[in-house]
Structure formats: C-alpha cells, structure tokens
Amino acid sequence: MRQNRETVSPMSNEGRNTYVTGHMTTSLLKLLETKEIEDISISELCDEAGVGRASFYRNFNSKEDILRAYINKLFDGWKSDWAENNSLPLSSGIGMIFGHFEQHRDFYKLLNERRLIYLLKDVILNIMELKPDLPKIEAYSKAFAAYSLYGWIEVWFQRGMKETAEEMKLMFQHQGL
C-alpha cells in the first residue's frame, strides 16, 4: 500500500520528514512576510517550525531548498494537467503556466517581493525538458523558449501580474513562440 499523509505513521521516518518539511515550509513563508530570506536564521526558522536544526539539515541544504521543494510541489498539479493535454499547442501550456501563477498569486507575489523569482528558472528548464545531451538545434530551440518564458514570467511579476493568464498566452502566441 502506498503511504500518504493519512496512512503514514507520525513516528515513521517518512511521517517525520513530512511533518518537518510541512512545518518548515509554513514557517519560512510566514517569516518571509516580514523579513528578507538572508535575515532569517536557521535557528529562527527551526524555532518557528518547532523542529530541531538536525531536522532542517536532514531535509534541506538551504532555506532556498525549502522554497524549491514547495514550488515543485505546486507545479506537480500543473505537470499532471499538461501530461493529460500535451497534444495541445505550446501556447496552451503557456496559458496553463500563467493560470498556475494566478491560482497561487499570493505565494508568487511574496517570492517576487523578496527577490526570489530566480528559483523558478530550474522549474521552467525542467518543464521545457532542456538537457545538455539534446541534439544542438533542439537544445538551443528549447533554451530559447525556456529563457523567453522565464523572462516573461519575471517581467509579469514585476509589473504586478496585471495581465490575465489568457492575455499572457495570447501575447506569447502573437510573438510566434
């Protein structure tokens, strides 16, 4: 039987790790509302989360890793939706990405305010399946699309996410990308 939050014993390693990562994420997001990430100490984060420093280091290498894990968790839903609809044109996927950002607006607004949007770059590169061993034309084409998308996302956040996901999709489509 596959374990999940409801079936994992809180005393199992998986249960403890789920508890730690959940509390660390919630605590870091709470602290980021009032502080820059570099002003949050590991000790302060652990105190806020109610976990020991060893638990932090067992699960993460840095505070940014907490955010990366959370971003990946949020994108898991998007990836599932895209896998079901991957025969749609790229512009539809772009619209779905911007829709994802709208759905989680408060979180991404916080990332933008704290100058942490750069954490999205790896997710975008992963979505575009950019790998060094691709044939050169495919690698450079995917790099162009991935970094273009990342740039659009960054500017959209900086502009306050004024345009809708549909508007972003149409503008991206209009660029011929």
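Notes on the structure in this doc start here. Throughout this description, residue numbers start from 1 for each chain and increase along the sequence as written. Only residues with pLDDT of at least 70 get local features here, since the model is predicted, and only at 80 or more are side-chain atom pairs given and counted; chain-wide, interface and lining totals rely on the full set of residues. Only hydrogens and water are removed before side-chain values are computed, so all heavy atoms of the structure are retained for them.

### What about the pattern of salt bridges?
Applicable threshold: A pairing counts as a salt bridge when a side-chain nitrogen of Lys or Arg comes within 4 Å of a carboxyl oxygen of Asp or Glu. Here's how the labels work: a residue is buried when its accessible area is under 20% of the maximum for its type, exposed when over 50%, partly exposed in between, all with a 1.4 Å probe on protein chains only.
One pass over the full model with this rule turns up ten salt bridges. Two residues, E44 and K35, come together in a salt bridge whose shortest N-O distance is 2.7 Å. On the accessibility criterion, E44 (25% relative accessible area) is partly exposed. For the salt bridge of E163 with R159, the shortest nitrogen-to-oxygen distance reads 2.8 Å. When its relative accessible area of 15% is taken as the criterion, E163 is described as buried.

### Details of the side chain of E64
Counted only if it meets this: Numbering of helices and strands runs from the N terminus, with a helix taken as a DSSP run of H or I at least four residues long and a strand as a DSSP run of E at least two residues long. Just so you know, the count uses Lys and Arg for positive and Asp and Glu for negative, and it drops His and the chain ends. By definition in these notes, contact holds between two residues if any of their heavy atoms fall within 4.5 Å.
In this structure, E64 sits in helix α4 (residues 63-84). In this structure, E64 is buried with no salt-bridge partner, the nearest side chain bearing the opposite charge being R68 at 5.5 Å. The contacts of E64, once residues within four sequence positions are left out, are I37, Y118 and L119.

### Details of the packing of aromatic side chains
Quick reminder of the rule: Stacked, tilted and edge-to-face are the three classes assigned to paired rings of Phe, Tyr and Trp, where Trp is represented by its six-membered ring and a pair needs centres within 6.5 Å; plane angles under 30 degrees give stacked, over 60 edge-to-face, the rest tilted.
The final tally for this structure, using the stated rule, is 13 aromatic pairs. Measuring from ring centre to ring centre gives 6.2 Å for F98 and F101, while their planes differ by 75 degrees; the resulting arrangement is edge-to-face. Of this pair, F98 and F101 both sit in helix α5 (residues 90-103), three residues apart, which is roughly one turn of that helix. This pair shows no difference in class: F98 is buried, exactly as F101 is. Counting every residue linked through ring pairs, the aromatic cluster contains Y70, F75, F98, F101, F107, Y108, W156 and F157.

### Thoughts on α4
The cut-off we apply is this: Every helix has an expected span of 1.5 Å times one less than the residues it contains. Bend angle per residue: angle between axes fitted to the 7 residues ending at that residue and the 7 residues starting there.
Compared with the 32 Å implied by 1.5 Å per residue over 22 residues, the 33 Å span of α4 between its first and last C-alpha is a close match. Along α4, the sharpest change in direction is near 30 degrees and occurs at F75. For α4, the complete set of buried residues consists of K63, E64, I66, L67, I71, L74, F75, W78 and W82.

### Considerations on the environment of I66
Tracing the sequence through the fold places I66 in helix α4. Expressed as a C-alpha distance, the spacing of I66 and T21, which sit 45 residues apart in the sequence, is 7.5 Å. Apart from the residues within four sequence positions on either side, I66 is in contact with M24, T25, L28, L45, F56 and F60.

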